[in-house]
Amino acid sequence: MEEDGVKSWVMAVTAQTPTNIAVIKYWGKRDESLILPINDSISITLDPAHLCTTTSVAVSPSFTHDRMWLNGKEISLSGGRFQNCLRELRSRANDVEDVEKGVKIAKKDWDNMHVHIVSYNNFPTAAGLASSAAGLACLVFSLAKLMNVKEDHSTLSAIARQGSGSACRSLYGGFVKWIMGKEENGSDSIAVQLADEKHWDDLVIIIAVVSSRQKETSSTSGMRDTVETSALVEHRAKVVVPKRIIQMEEAIKNRDFPAFAALTCADSNQFHAVALDTCPPIFYMNDTSHRQVLFLIISRVEKWNRFEGTPQVAYTFDAGPNAVLISRDRKTAALLLQRLLFYFPPQSETDLNSYVIGDKTILQDAGIQKVDDIETLAPPPETNANIPVHRYKGDVSYFICTGPGRGPVVLTDENQSLIDPKTGLPK
Ligand code: ADE
């Protein structure tokens, strides 16, 4: 590239970042612009092999302004959240040198350099699968690499937090706590890793994607309404969550599934109770998933857990209609998937490979090789033979089988870059 006789160049970095699912929920801010929460939260980072954001970022003297493309469409970067992240990163940028390209960017020059950001989520954006968590974590992580930001992951987590609260937890793999912090400037509101993904890799996570529709209430306005109107949320933040955080850390440390499951289900239920206690009330489950919750999750899972005498599966629902089920081990996951497929068979003509995605070995362990095998599944043993069981065909769009996963990584293979190295535009 040559412009006005000045040799130009493009320098790029690509990274991949996981999403996460909270088992002790974040709901409610004490500072809206800095995104400071009213309670600590704990999450599991999900395997990026199945759910992740990939982001390429580039810098070039030929770029005239900061630009971003998300899932193939150019989007505006003018929002305060993006601007906060960009400002925080630029202020920490350092000298960068690419000897091969013969390029040097001095620390002081970053204020005048522009970036291009190209990002893809491999799962539905805004369907309640925490795409902004993976997205903002990836944006911050990849720009930090490009700009040679030397701060550790906890500082990066505090920057990502200013883009999207739960993004701070996606800076680490495994089991992660977002400490609410006390400082007014938010400097101590950071994520820390409680244990890495190998610590408890027996866990299998199955997500029932109910709909990929955009969620109806934005989390930001929902949280604001809750903090302003719910009497329950203060009790939750001050009394309930602090105790649960201690118990959950202990359950994770000891891989104590019964305690983990009891806390996870109770916290999800309280989060939805708080949403309902908001004026106007927030309903995060559309009709389909309401049926799912009432019929399958609350009654079936609870019944199954009681039938076995000890919890087999935990359930948790975020601010969207999808169900997340966490089973204690692979054997239980196969039994769970059989039950899920029994209650929620696919529409006719659906291909099994697109109905159950992610870790296919769970499907094999469940003994399901073809769609017809779902038709002939027997009702679970804990069902009452005298009561007819209903099967909700087509109510679930698809299932994702996954587990705890690693934190962000840089992808070094040029072919994985989403940016054309000559033009600096999306490939
Ligand atoms: N919001 C949802 N997905 C995102 C992404 N990949 N990057 C930035 N913001 C997002």
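Residues numbered from 1 in each chain as written. Predicted model: local features only at pLDDT ≥ 70, side-chain atom pairs only at ≥ 80, totals over all residues. Heavy atoms only, no water.

Participant: Please clarify how the overall build of the protein chain should be interpreted in this entry.
Facilitator: Helix and strand counts for the protein chain stand at 11 helices and 21 strands. In terms of overall size, the protein chain behaves like a compact globule, its C-alpha atoms giving a radius of gyration of 23 Å where 427 residues would be expected to give roughly 22 Å. If you line up the protein chain on its principal axes, its C-alpha atoms span 85 × 50 × 40 Å. Taking all 427 residues of the protein chain together, the buried fraction comes to 56%. Within the protein chain, residue pairs in contact and separated by at least 24 positions form 75% of the contacts whose partners lie at least 6 positions apart. Seen as two clouds, the 45 positive and the 51 negative side-chain charges of the protein chain have centres 3 Å apart. (Helix = DSSP H or I, 4+ residues; strand = E, 2+ residues; numbered from the N terminus. Rg over C-alpha atoms; globule rule 2.2 N^0.38 Å. Buried < 20%, exposed > 50% of the residue type's maximum accessible area, 1.4 Å probe, protein only. Contact = heavy atoms within 4.5 Å. Lys, Arg positive; Asp, Glu negative; His and termini not counted. Charge placed at Lys NZ, Arg CZ, Asp CG, Glu CD.)

Participant: Would you explain the nonpolar core in this entry?
Facilitator: Soluble globular proteins tend to pack their nonpolar side chains together in the buried interior. Core analysis: the biggest nonpolar cluster contains 64 residues, and Ile44, Ile207, Phe260, Ile326, Leu341, Val356 and Phe399 have the highest contact counts within it. Considering every element that reaches this core, the biggest residue donor is helix H8 (residues 330–343), with eight residues. Excluding residues that lie within four positions of it along the chain, Ile207 makes contacts with Leu46, Leu51, Leu129, Asn322, Ala323, Val324, Tyr398, Phe399, Ile400 and Thr402. Of all hydrophobic cores here, the second largest spans 54 residues; its members include Leu77, Ala160, Trp178 and Ile282. (Core = buried A, V, L, I, M, F, W, Y, C linked by side-chain atoms within 4.5 Å.)

Participant: Help me understand the pairing of strand S7 (residues 41–45) in this model?
Facilitator: Side-chain direction in a regular strand flips from residue to residue, so the side chains alternate between the two faces of the sheet. Burial of S7 is extensive: five of the five residues sit out of reach of the surface. Taking every second residue as pointing to the same face, both faces of S7 are buried, with Ser41, Ser43 and Thr45 on one and Ile42 and Ile44 on the other. Sheet analysis places strand S4 (residues 20–24) next to S7, joined by four bridges and oriented antiparallel. Among the inter-strand pairings, Asn20 is bridged to a residue of S7, identified as Thr45. Here S7 pairs with strand S14 (residues 175–178) via four bridges, running antiparallel. Along S14, the bridge assignment pairs Ile42 with Lys177. (Pairing = 2+ DSSP bridges.)

Participant: What am I meant to see in the sheet that holds strand S10 (residues 73–75) here?
Facilitator: Backbone-to-backbone hydrogen bonds join strands into a sheet, with any given pair of strands oriented parallel or antiparallel. Within the open sheet, the six strands sit side by side as S10-S9-S13-S8-S3-S21. Their pairing is mixed. Lying at the two open borders of the sheet, with one neighbouring strand each, are S10 and strand S21 (409–411). With strand direction ignored, the average angle separating the axes of adjacent strands in the sheet is 25°. Here eight bridges tie strand S8 (residues 52–60) to strand S13 (residues 114–121), and the two strands are oriented antiparallel to one another. (Axes fitted to C-alpha atoms, helices over the stretch in contact; angles between N-to-C directions.)

Participant: So what exactly am I meant to see when it comes to H8 here?
Facilitator: Since one α-helical turn is 3.6 residues long, residues separated by three or four positions face the same way. When the terminal C-alpha atoms of H8 are compared, their 20 Å separation across 14 residues agrees well with the 20 Å that a helix rising 1.5 Å per residue should span. The buried fraction of H8 is high, at 10 of 14 residues. Listed in full, the buried residues belonging to H8 are Thr332, Ala333, Ala334, Leu336, Leu337, Arg339, Leu340, Leu341, Phe342 and Tyr343. Between the side-chain oxygen at the start of H8 and the backbone nitrogen of Lys331 there is a gap of 3.3 Å, and the oxygen is on Asp329. (Expected span 1.5 Å × (residues − 1). Polar contact = N/O pair within 3.5 Å; in protein donor to acceptor, adjacent residues only side chain to side chain.)

Participant: Could you clarify how one ought to interpret helix H6 (residues 257–276) in this entry?
Facilitator: Here H6 contains 20 residues, and its C-alpha end-to-end distance of 28 Å stays within 8% of the 28 Å for a straight helix at 1.5 Å per residue. A distance of 3.2 Å separates the backbone nitrogen of Ala259 from a side-chain oxygen at the start of H6, and that oxygen is part of Asp256.

Participant: How should the sheet that holds S4 be read in this particular structure?
Facilitator: Read across the open sheet, the four strands follow the order S4-S7-S14-S15; overall the sheet is antiparallel. With partners counted over all chains shown, the strands left at the sheet margins are S4 and strand S15 (191–195), one partner each. The mean angle between the axes of side-by-side strands here comes to 35°, regardless of whether they run parallel or antiparallel. Each of S4 and S7 is contacted by H6, which is oriented at about 95° to S4, the strand it contacts most.

Participant: Quick question: what am I supposed to make of the site of the ligand here?
Facilitator: Near the ligand you find 10 residues, and of these Thr53, Leu70, Ser119, Asn121 and Gly135 are the closest. Within the side chain of Ser119, a nitrogen or oxygen atom sits 2.8 Å from a nitrogen atom of the ligand. One nitrogen or oxygen atom from the side chain of Asn121 is found 2.9 Å from a nitrogen atom belonging to the ligand. Within the residue set of the shell around the ligand, elements represented by two or more residues are strand S9 (67–70), S13 and helix H2 (131–146). For the shell around the ligand, the element with the most residues is H2, which contributes four residues. Looking at the shell around the ligand residue by residue, the class counts come to three nonpolar, seven polar and no charged. (Near = heavy atom within 4 Å. Nonpolar A, V, L, I, M, F, W, Y, C, P; charged D, E, K, R; others polar.)

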